[in-house]
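Read off the chains here:
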Amino acid sequence: MTIIEMRRKRANLWEQAKAIHERAKEEKRDLSAEEREQWDKLNAEIDSLKEQIDREERAQAIEADLAAQQARPEGEERQGPAGQAEYRDVFRAYLRNGMSELSPEQRSLLRSGHQSIDGAEARALGVGAGPIGGFTVPDEAMRPIVSAMLAVGGVRRTRASVITTASGADLPVPLSDDTANEGERIGENAGVAELDPTFGQKILRSYMYTSRIVRVPYQFLQDTSISDFESWLAEMFGQRIGRRQNRDFTNGAGGNQPEGLVSASTLGAQTAAAGVIAWEDLVALEHSVDPSYRLGAQWMFHDAVLQELKQLSDGQNRPLWLPGVSVGEPDTILRYSYVINQHMPAPVGGAWSTGDRAIVFGDMSYYWIRDVRGFSIIRLDERYADNLQVGFLAFARADGALIDAGTHPIRHLAIR
């Protein structure tokens, strides 16, 4: 089934679910047990199709990105050897067999992709790769890492601004709020007054993230039928690091950790009723954000919130949730796309806690994610040798912060 066929099927299923909802609304009653079962079944199929569409579209996007990288002239390749086929083959051999099985030429090539824990390149390596650093992941193995991080990373799936730097040095981001200043009208031969803007800055740092150690038996490395072992391993590492980064990018307190998008957002509205999200609350949150930030705005919330919002209607009894039908067209709430983030608050036992930041809304491009170079993987040969196991460890550096100069481009809805 093609993407467009899946989208059309979702739209048809939604029309069936909407009819059930509207019929109960018109009769001013709750759904019957049979209707509730049918409603849940239809929505489960809608969600399943959405996951399939997301996977297909994400795979196509990554394929296109990698194809664009491979089409670049040799001098325009990104830093490091990860785009070279020779390095990819040596990296694969290193993961499967270890450094001792590589030829001197292969070791020399592998060394060109070495990264130390602090980000500086190592100038000499022995036979064993110790805990001082690892080797840059090739582009082909980066594909499952990127896919895995997008799958688990709600913040990364927004329109957040993602930048990659070659080093982990502090990165100042300038801030300026000039919205209160205006020009002037002057008469003939009159002087022009000065009115300087006020500048500030935020610093993006490079916090270290690791996958923790994965132990793999020698027998698995020798006998496994997984031909693309490094991609399998990379996907696992991407999921682990992606989950931890998303937790920080969502709720981080700043200081010695990233600043979370939700924790740094500004209060936009509070629910009118205690523990209940209503259509009017979403409208209040929408209009708490300046119109200039609503052009490319998005919602972000937990999947449990989406379940509630799918059952809400506006003042004309029109559902707030609408499925995207065309290729690339997102599902929307009040005409704005949304992103699911499982690290955001959700009702526990059907009940919210007072003050929960249930929904955020605004221009997500004002949240910046800074990645340092790429992923690196270390193979630990000796640490678990007495158990006939090899340890693998991935690390990456990143930071995130809301670039808010005082105009509050992202706001949240708090539960009363």
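Here's a quick rundown of the structure.

What follows is about empty space enclosed by the protein. Counted according to the given criterion, the structure contains one cavity of 30 Å³ or more. In this model, the largest cavity occupies a volume close to 60 Å³. Along the wall of the largest cavity there are 10 residues; nearest its centre are Q115, V372, G374, F395 and R397. Those elements that provide at least two residues to the lining of the largest cavity are β1 (114-116), β14 (367-380) and β15 (389-402). It is β14 that provides the largest number of residues to the lining of the largest cavity, a total of four residues. Looking at the lining of the largest cavity, its residues break down into three nonpolar, five polar and two charged.

Turning next to the pairing of strand β13 (residues 357-362). Counting buried residues along β13, five of its six residues qualify, which places the element largely inside the surrounding structure. As paired elements, strand β9 (residues 298-301) and β13 share four bridges and run antiparallel to each other. In the strand pairing of β13, F301 is matched with I359. Here β13 runs beside strand β16 (residues 410-414); their pairing, made up of five bridges, is antiparallel. Counterpart to R357 in the pairing with β16 is A414.

Inspection of the secondary structure puts F249 in helix α7 (residues 229-251). Judged by relative accessible area, which is 1%, F249 ranks as buried. When the C-alpha atoms of F249 and G400 are compared, they prove to be 6.0 Å apart, with 151 residues separating the residues in sequence.

Next up on the list: the side chain of D363. Note that D363 resides in the loop between β13 and β14. A distance of 2.7 Å separates the side chain of D363 from the side chain of S365, its partner in a polar contact.

For K28, which is not a glycine, the phi torsion comes out positive at approximately 50°. The topology assignment puts K28 in the loop between α1 (3-26) and α2 (33-71). Positive phi, normally seen in glycine, also occurs at N317, with a value near 65°. Structurally, N317 is set in the loop between α10 (303-309) and β10 (321-322).

Further remarks concern the packing of aromatic side chains. All told, the structure shown has 11 aromatic pairs when counted by the stated rule. An aromatic cluster of at least three residues, connected via ring pairs, comprises W14, W39 and W321.

We now examine the layout of surface pockets. A water-sized probe, rolled over the atoms, reveals where empty space remains. There is about 1,200 Å³ of room inside the largest pocket. Sorting the residues of the lining of the largest pocket by element identifies α1, α2, α5 (139-152), α7, α10 and β12 (336-340) as the ones contributing at least two each. Among the elements that take part in the lining of the largest pocket, α2 stands out by supplying eight residues, more than any other. Looking at the lining of the largest pocket residue by residue, the class counts come to 10 nonpolar, nine polar and 19 charged.

A few words now on the environment of F361. Its location among the elements puts F361 in strand β13. Taking the C-alpha atoms as reference points, F361 and Y293, 68 residues apart in sequence, are found 9.8 Å from one another. When neighbours within four sequence positions are excluded, F361 is seen to be in contact with L285, E286, V289, R294, A297, Q298, W299, Y336, P409, I410 and R411.

So, on to helix α3 (residues 85-97). The end-to-end C-alpha separation of α3 is 18 Å, in line with the 18 Å expected for 13 residues at 1.5 Å each. If you check which residues of α3 are buried, you get Y87, V90, F91, A93, Y94, L95 and R96. Just downstream of α3, G98 is the residue with a positive phi angle, here 90°.

Let's shift gears to α5. Residues lying three or four places apart along an α-helix face the same way, a consequence of the helix completing one turn every 3.6 residues. Taking 1.5 Å of rise per residue, 14 residues should cover 20 Å, and α5 covers 20 Å from first to last C-alpha, within 8% of that figure. When α5 is considered as a whole, its buried residues turn out to be D139, A141, M142, P144, I145, A148 and M149.

The next point concerns the pattern of salt bridges. Between side chains of opposite charge, a pair can form when the charged atoms approach closely. Summed over the entire model, instances satisfying the criterion amount to 18 salt bridges. Notably, a salt bridge pairs K9 with E45, separated by 3.4 Å at the nearest N-O pair. Of the two residues, K9 sits in helix α1 while E45 sits in helix α2, which places them 36 residues apart along the sequence. On the accessibility criterion, K9 (33% relative accessible area) is partly exposed. Judged by relative accessible area, which is 30%, E45 ranks as partly exposed.

Ranked by internal contacts, the top residues of the largest apolar core, which has 46 residues, are L110, L261, M300, F375 and F392. Elements represented by at least two residues in this core include exactly α3, α5, β6 (207-210), β7 (214-217), α7, α8 (261-264), β14 and β15. Apart from the residues within four sequence positions on either side, L110 is in contact with Y87, V90, F91, Y94, M99, L102 and F135. Listed in part, the 36 residues of the second largest apolar core include M6, W14, Y338 and A358.

Each value, and the rule that gives it
- Residues numbered from 1 in each chain as written.
- Predicted model: local features only at pLDDT ≥ 70, side-chain atom pairs only at ≥ 80, totals over all residues.
- Heavy atoms only, no water.
- 1 Å grid on protein atoms, 1.4 Å probe; cavity = no way out; pocket = protein on both sides within 12 Å on 5 of 7 lines; lining within 4 Å.
- Points joined across faces, edges and corners; volume = space filled by probe spheres on them.
- Helix = DSSP H or I, 4+ residues; strand = E, 2+ residues; numbered from the N terminus.
- Nonpolar A, V, L, I, M, F, W, Y, C, P; charged D, E, K, R; others polar.
- Buried < 20%, exposed > 50% of the residue type's maximum accessible area, 1.4 Å probe, protein only.
- Pairing = 2+ DSSP bridges.
- Polar contact = N/O pair within 3.5 Å; in protein donor to acceptor, adjacent residues only side chain to side chain.
- Phe/Tyr/Trp six-rings, centres within 6.5 Å; stacked < 30°, edge-to-face > 60°.
- Contact = heavy atoms within 4.5 Å.
- Expected span 1.5 Å × (residues − 1).
- Salt bridge = Lys/Arg side-chain N within 4 Å of Asp/Glu carboxyl O.
- Core = buried A, V, L, I, M, F, W, Y, C linked by side-chain atoms within 4.5 Å.

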